[in-house]
Amino acid sequence: MIKVNAKHILRDVDMASYEKEVARVHSLIEKRDGPGGDYLGWAHYPETYDKEELERIISCAKKIRENYEVLLVCGIGGSYLGARAAIDALNGLKGNDKVEIIYFGQTLSPSYVKQVLDYIEHKKFAINVISKSGTTTETAVAFRLARDLLERKVGKEEAAKSIFATTDKEKGALLQLCKKYGYERFVLPADIGGRYSVFTAVGLLPMAVAGIDVKAFLHGMQIGLERYGVEKNNPAYEYGILRHELYKAGYPVEMLVTYEPSLVQLGEWWKQLFGESEGKEHTGLLPDAATFTTDLHSLGQFIQEGSPVLFETVLDIEHPACDVIVPHDVDDLDGLNYLEGKGLDYVNKKAHDGTLQAHEEVGKVPNILLSLDKLDAEGLGELMYFFMRACAMSCYLNDINPFNQPGVEVYKKNMFRLLGKPGYTK
Ligand code: PA5
């Protein structure tokens, strides 16, 4: 169970006063009759996911692992952040798995794109192109370039066998390409939006190629549904209420804090989930993320003494995957023998306690504490589901549709007009 600790938020919150609101929002999620209700397919996905497709994902991943050096994951936003977050969190940042995962299609930077193309030119690579619409410019352009390189290397027919697509079942430009060239295809269900799609083929195929036990991850989602899909005694809803209260109390920024560098991308996924879901109609918390103790040496000063705009949500992993012991040194010139024999986890946790005291008691920064027993595939699945439920609760408390992103279209339309895309020139 993910524990939510509200003892450090510097105020009392009357949870009982939210009973009616929670019942209302819970019913909107369960009955799917609130704004965006058509996109609630993720909420009961543990019960509805396509078991046959899961087996196909696992065997396709095995084939990719056995036959390729690199998998190019070509997608942007919700079409890649979940997989990236999970792969970093579970495999670490210095993994030396035999298949290298490279993220592509998430930028228009010519330098990055060229670097990747030059790098993969002499590697045996496969492509997993992920796009629900199939028309997202960043992804579509990158896919065209990667496909072109692959076809020049191995020919059109062989290339088609190395391309795996995840897209809508019934419509879109990518679906048309799949049909024409016969790419193996996986489905992003119509009732699930990108940022809620990590449990679908969008997240699962790259994760399985990275060697992650996707069945355990899905089991975590199932546990999540049992624990956070209920109206009462629901820690995910409690977290949603606490952040809502802090927003109302005048804190417009929430900073997600972890003490694990391998969770930086989880912070990126979390930022998209909450930012794109909640930031509408000139309301909503600005989601930010930081990694401690690293960022205590950069942002720490601002958090402690800068403008009082933010609260922290600190995610603790109670039992890390491993530990490292500080060794004895005969000379002790660095003065560290007082830590001799101690694990770095112990030191990290003391840094956590000291920081909490400093930020809360001196800096007067409210802290919500979340804790997870351990971060394995199952735990991560549970955590991601927890955040998705909390996000839906937060948005509906503000009467915001959690599942659309109308604001994102504004830049796209301008860019298309400036680029002279047919249909956008006026
Ligand atoms: O969460 C979302 O809906 C978005 O971030 C999309 O995933 C992102 O814009 C990519 O869209 P598409 O999958 O259609 O290429």
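To be clear, the structure that these remarks concern was listed above.
Owing to the predicted nature of the structure, the values given are computational and were not obtained by experimental measurement.

What counts and how
- Residues numbered from 1 in each chain as written.
- Predicted model: local features only at pLDDT ≥ 70, side-chain atom pairs only at ≥ 80, totals over all residues.
- Heavy atoms only, no water.
- Disulfide = S-S within 2.5 Å.
- Buried < 20%, exposed > 50% of the residue type's maximum accessible area, 1.4 Å probe, protein only.
- Near = heavy atom within 4 Å.
- Polar contact = N/O pair within 3.5 Å; in protein donor to acceptor, adjacent residues only side chain to side chain.
- Areas by Shrake-Rupley, 256 points an atom, 1.4 Å probe, with all protein chains shown as cover.
- Nonpolar A, V, L, I, M, F, W, Y, C, P; charged D, E, K, R; others polar.
- Salt bridge = Lys/Arg side-chain N within 4 Å of Asp/Glu carboxyl O.
- Helix = DSSP H or I, 4+ residues; strand = E, 2+ residues; numbered from the N terminus.
- Pairing = 2+ DSSP bridges.
- Axes fitted to C-alpha atoms, helices over the stretch in contact; angles between N-to-C directions.
- Contact = heavy atoms within 4.5 Å.
- Expected span 1.5 Å × (residues − 1).
- Core = buried A, V, L, I, M, F, W, Y, C linked by side-chain atoms within 4.5 Å.
- Phe/Tyr/Trp six-rings, centres within 6.5 Å; stacked < 30°, edge-to-face > 60°.
- Lys NZ or Arg CZ within 6 Å of the ring centre and 35° of its normal.
- Patch = residues over 30% accessible without salt bridge, like charges linked within 9 Å, V, L, I, M, F, W, Y side chains within 5 Å.
- Right-handed = clockwise from strand over helix to strand, strands pointing away.

**As for the state of the cysteines**
Next, step 1: Scanning all chains against the criterion turns up 0 disulfides.
Next, step 2: Sulfur of Cys 178: no disulfide; nearest cysteine sulfur belongs to Cys 60 and is 12 Å away.
Next, step 3: Unpaired in this structure, Cys 395 has its nearest cysteine sulfur neighbour in Cys 391, at a distance of 4.2 Å.
Next, step 4: Cys 395 sits in the buried class, given a relative accessible area of 0%.

**Quick notes on the site of the ligand**
Next, step 1: The ligand sits among 13 residues. The nearest are Ser 79, Ser 131, Ser 133, Thr 136 and Gln 272.
Next, step 2: Interatomic distance of 2.6 Å between a side-chain N/O atom of Ser 131 and an oxygen atom of the ligand.
Next, step 3: Gln 272 has a polar side-chain atom sitting 2.6 Å from an oxygen atom of the ligand.
Next, step 4: Alone, the ligand offers 380 Å² of accessible surface; in the complex the protein occludes 87% of this.
Next, step 5: A class-by-class count of the residues in the shell around the ligand yields 1 nonpolar, 9 polar and 3 charged.

**Side note on the pattern of salt bridges**
Next, step 1: As enumerated under the stated definition, the model contains 26 salt bridges in all.
Next, step 2: With a closest N to O distance of 3.2 Å, Arg 227 and Glu 382 form a salt bridge. Of this pair, Arg 227 sits in helix H10 (residues 214-228) while Glu 382 sits in helix H15 (residues 377-397); the two residues are 155 residues apart in sequence, bridging distant segments of the chain.
Next, step 3: A relative accessible area of 7% places Glu 382 in the buried class.
Next, step 4: Among the charged side chains, a network of salt bridges with common partners joins Glu 53, Arg 56, Lys 63 and Glu 184.

**Some details on the sheet that holds strand S5 (residues 163-167)**
Next, step 1: Read from one edge of the open sheet, 5 strands run S3-S2-S4-S5-S6, paired in parallel fashion. The sheet is open, and its two borders are formed by strand S3 (100-104) and strand S6 (184-187), each paired with just one other strand. Mean inter-strand twist for the sheet, computed between neighbouring axes without regard to direction, equals 20°.
Next, step 2: The pairing of S5 with S6 spans 4 bridges and is classified as parallel. Within the sheet, the bridge partner assigned to Ala 165 lies in S6 and is Arg 185.
Next, step 3: Running at roughly 135° to S6, helix H3 (residues 51-67) makes contact with strand S2 (70-74), strand S4 (125-130), S5 and S6 of the sheet.
Next, step 4: Its contacts with the sheet put helix H8 (residues 173-181) on S4, S5 and S6, and the angle it makes with S5 is roughly 145°.

**Describing H10**
Every α-helix carries 3.6 residues per turn, so stepping three or four residues along brings you back to the same face.
Next, step 1: In this model, H10 (15 residues) spans 20 Å end to end at C-alpha, consistent with the 21 Å of a helix rising 1.5 Å per residue.
Next, step 2: What H10 keeps buried is the set Val 214, Ala 216, Phe 217, Leu 218, Gly 220, Met 221, Ile 223, Gly 224, Leu 225 and Tyr 228.
Next, step 3: For H10, the secondary structure elements touched by its buried residues are helix H2 (45-48), H3, helix H9 (201-209), helix H11 (235-248) and H15.
Next, step 4: Between the side-chain oxygen of the N-cap and the backbone nitrogen of Lys 215 there are 3.2 Å, and the N-cap of H10 in question is Asp 213.

**Description of the sheet that holds strand S1 (residues 3-8)**
Next, step 1: As summarised here, the arrangement of the 5 strands in space is S1-S10-S9-S7-S8, forming an open sheet in which the pairing is mixed. Edge strands, defined here as strands with exactly one partner in the open sheet, are S1 and strand S8 (286-291). Adjacent strand axes in the sheet meet at a mean angle of 25° when their direction is disregarded.
Next, step 2: Bridge count between strand S7 (residues 253-258) and S8: 6 bridges; the pairing is parallel.

**Thoughts on the nonpolar core**
Next, step 1: Among the nonpolar cores identified, the biggest contains 95 residues, and Trp 42, Phe 199, Tyr 239, Trp 269 and Phe 387 are the most heavily contacted of them.
Next, step 2: Take this core: its biggest share by element is 15 residues, from H15.
Next, step 3: In this view, Phe 199 contacts Tyr 45, Leu 204, Phe 217, Leu 218, Met 221, Gly 381, Met 384, Tyr 385 and Met 388; residues no more than four positions away in its chain are not counted.
Next, step 4: Of all hydrophobic cores here, the second largest spans 24 residues; its members include Phe 104, Leu 150, Ala 160 and Cys 178.

**Digging into the packing of aromatic side chains**
Next, step 1: Tallied over the entire structure, the rule returns 20 aromatic pairs.
Next, step 2: Both rings, one in Phe 416 and one in Tyr 424, keep their centres 4.9 Å apart while their planes meet at 65°; by these two values the pair is edge-to-face.
Next, step 3: Among the residues examined, Phe 416 registers a relative accessible area of 8% and is labelled buried.
Next, step 4: Sitting over the face of the ring of Tyr 68, Lys 124 holds its NZ or CZ atom 5.1 Å from the ring centroid.
Next, step 5: For the cation-ring pair, Lys 421 lies above Phe 416, with the distance from its terminal atom to the ring centre recorded as 4.1 Å.

**Description of a nonpolar patch on the surface**
Next, step 1: Nonpolar side chains collect at one region of the surface, where Leu 108, Val 141 and Leu 145 lie side by side and expose about 230 Å² of accessible area between them.
Next, step 2: Take Leu 145: it is sitting in helix H6 (residues 137-154).

**A word on the pairing of S2**
Next, step 1: Within S2, 5 of the 5 residues are buried, leaving the element largely enclosed by the surrounding structure.
Next, step 2: In S2, alternate side chains face the same way, and those of Val 70, Leu 72 and Cys 74 on one face and Leu 71 and Val 73 on the other are all buried.
Next, step 3: Pairing geometry for S2 and S3, over 5 bridges, is parallel. Of the residues in S3, the one forming a bridge with Val 70 is Glu 100.
Next, step 4: Taken together, S2, helix H4 (residues 81-91) and S3 constitute a β-α-β crossover, and its handedness is right-handed.
Next, step 5: Two strands pair when backbone bridges link them, and S2 and S4 are joined in this way by 5 bridges, in the parallel orientation. When the bridges of S4 are listed, Val 73 appears paired with Asn 128.

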